[in-house]
Amino acid sequence: MPRLLSGLQPSGQLHLGNYAGAIKQFLTLQDRGYESFVFVASYHALTSVRDPAALRTNIRQVVIDYLAFGLEPKKTHIYLQQDVPAVTELAWLLGCVCPKSQMDKAVSYKDKVAKGLPASLGLYTYPVLQAADILAVEPDVVPVGEDQRQNVEIARDLAQRFNHAYGRDDTPVFKVPEVMIQRGTAVLPGLDGQKMSKSYGNTLDPFLPEKKLRKTIMKIVSDSTPVEAAKNPDTDTTFALFSALAGADNPRTHELAEKYRAENISFGYGHAKQALFELVLEHFGPARQRREELMGDPGHVEQVLRDGAAAANQAAAAVVKNARHAVGL
Ligand code: AMP
Ligand code: TRP
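Because the structure is a prediction, the values reported are computed rather than measured. (Residues numbered from 1 in each chain as written. Chains lettered and ligands numbered in written order. Predicted model: local features only at pLDDT ≥ 70, side-chain atom pairs only at ≥ 80, totals over all residues. Heavy atoms only, no water.)

Peer 1: Can you break down the packing of helix α13 (residues 269-283) against helix α14 (residues 285-295) residue by residue, with the values?
Peer 2: Packed helix pairs are specified by the crossing angle of their axes together with the interaxial distance, meaning the distance between the axes. Their axes nearest at 4 Å, the elements α13 and α14 cross at an angle of 55°. Looking at the two axes, α13 sits oblique to α14. When α13 is examined against α14, the residues Val280, Leu281, Glu282 and His283 are found in contact with a partner set consisting of Gly285, Pro286 and Arg288. (Axes fitted to C-alpha atoms, helices over the stretch in contact; angles between N-to-C directions. Helix = DSSP H or I, 4+ residues; strand = E, 2+ residues; numbered from the N terminus. Parallel < 35°, antiparallel > 145°, perpendicular 65-115°, else oblique. Contact = heavy atoms within 4.5 Å.)

Next up, the structure:
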């Protein structure tokens, strides 16, 4: 059975970008029979979250959202990063084969410091810990959004360096995984047209109460083409979000594109936004319902995490044992 691993940081409310770029792929692969490891990257979030109460809440919320979106604990092991200590041990072993120059070249550190995050050592070595998350469970694929491509490339590179330094040709220590990025939704725009991101405050949360959801969608920035004129769907954020959810090949998406292109006084951006609002409610209807139920069942959530951690610890135990032995410990 092929294996996948991925994770999200609990640094705030999940949004449509996380869903389109990452979670949607987890669901597709889960249903194709992948044995999936999907975790909550709590240690990574410590590079940006300094409020313990908020962190605790966010961690639980990500797990509830994973389950609400449709991850099934029978097919997907869901766990918290801190419940798999092998990960931090591997991070040290990998750090010792990682040239400092490789971290100097990583773009995410520079971007995050430019956005105002503290320039900590944790932030600087963030990709090494991520490599440990990945290599610990020997996945075949790592599905992520485009912004994570470099981090997964670094994980591949560190695995190869370690194998080169310590493995024998016939028995590499680490399995080298593939990165998997969904075309079309690799970078989903936010309400203001920039990349949708927690740090830009331009996100759309599919679990908002109905009234607030509608209000938020109506705030999406559009250009000033008059109602009666033809509009370009390919440069419009509302259309991009609709297409990401319904699918670019869906007849409903084609139909909406035609309405944009027609010179039609009775179709403006407001109508497109209304269509998006209805689609979000329809698409996430079952998820919204499940989320309500899960919020009232913390016992279930805890059980899912215990089972998930047991599976991840089991997968990681063999890898860490080999890696320790390989380096001479
Ligand atoms: P983060 O919110 O940075 O922890 O990202 C979690 C996952 O969601 C990663 O795989 C990201 O690549 C993906 N992601 C975040 N924002 C977007 C976006 N605007 N478009 C596509 N994928 C995204
Ligand atoms: N850096 C990822 C993000 O910000 C989260 C993450 C941590 C991750 N470890 C990972 C993603 C391992 C995939 C695989 O989204």
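Read on for the rest.
Peer 1: Lay out the site of ligand 1 in plain terms, naming residues and giving numbers.
Peer 2: Neighbouring ligand 1 are 18 residues, the closest being Asn18, Gly145, Asp147, Leu188 and Met196. At 3.0 Å from an oxygen atom of ligand 1 is found a main-chain nitrogen or oxygen belonging to Gly145. Separating a nitrogen atom of ligand 1 from a backbone N or O atom of Met196 is a distance of 2.9 Å. Coverage of ligand 1 by the protein chains reaches 91% of its 480 Å² of free accessible surface. (Near = heavy atom within 4 Å. Polar contact = N/O pair within 3.5 Å; in protein donor to acceptor, adjacent residues only side chain to side chain. Areas by Shrake-Rupley, 256 points an atom, 1.4 Å probe, with all protein chains shown as cover.)

Peer 1: Tell me about the nonpolar core, and name the residues and values.
Peer 2: By size, the foremost hydrophobic cluster in this structure holds 60 residues, and its most contacted members are Ile23 and Tyr66. By residue number, the principal contributor to this core is helix α3 (residues 52-69), which donates nine residues. Once residues lying within four places of it in the same chain are set aside, the contact partners of Ile23 are Leu8, Leu14, Asn18, Tyr66 and Phe69. Within the second largest apolar cluster, 46 residues are counted, among which are Ala41, Ala131, Ala316 and Val320. (Core = buried A, V, L, I, M, F, W, Y, C linked by side-chain atoms within 4.5 Å. Buried < 20%, exposed > 50% of the residue type's maximum accessible area, 1.4 Å probe, protein only.)

Peer 1: Help me get a handle on the pattern of salt bridges, residues and values and all.
Peer 2: Oppositely charged side chains may form a pair once their charged atoms are brought near each other. Scanning the entire structure with this criterion turns up 15 salt bridges. Among the salt bridges present, the one from Asp31 reaches Lys75, with a minimum N-O distance of 3.8 Å. Linking Asp31 in helix α1 (residues 16-31) with Lys75 in the loop between α3 and β3 (76-80), this pair joins segments that are 44 residues apart in sequence. Judged by its relative accessible area of 34%, Lys75 is partly exposed. The partner of Glu72 in a salt bridge is Lys75, and the shortest N-O contact between them spans 3.5 Å. With a relative accessible area of 34%, Glu72 lands in the partly exposed category. If you follow the salt bridges from partner to partner, you end up with Asp31, Glu72 and Lys75 in one network. (Salt bridge = Lys/Arg side-chain N within 4 Å of Asp/Glu carboxyl O.)

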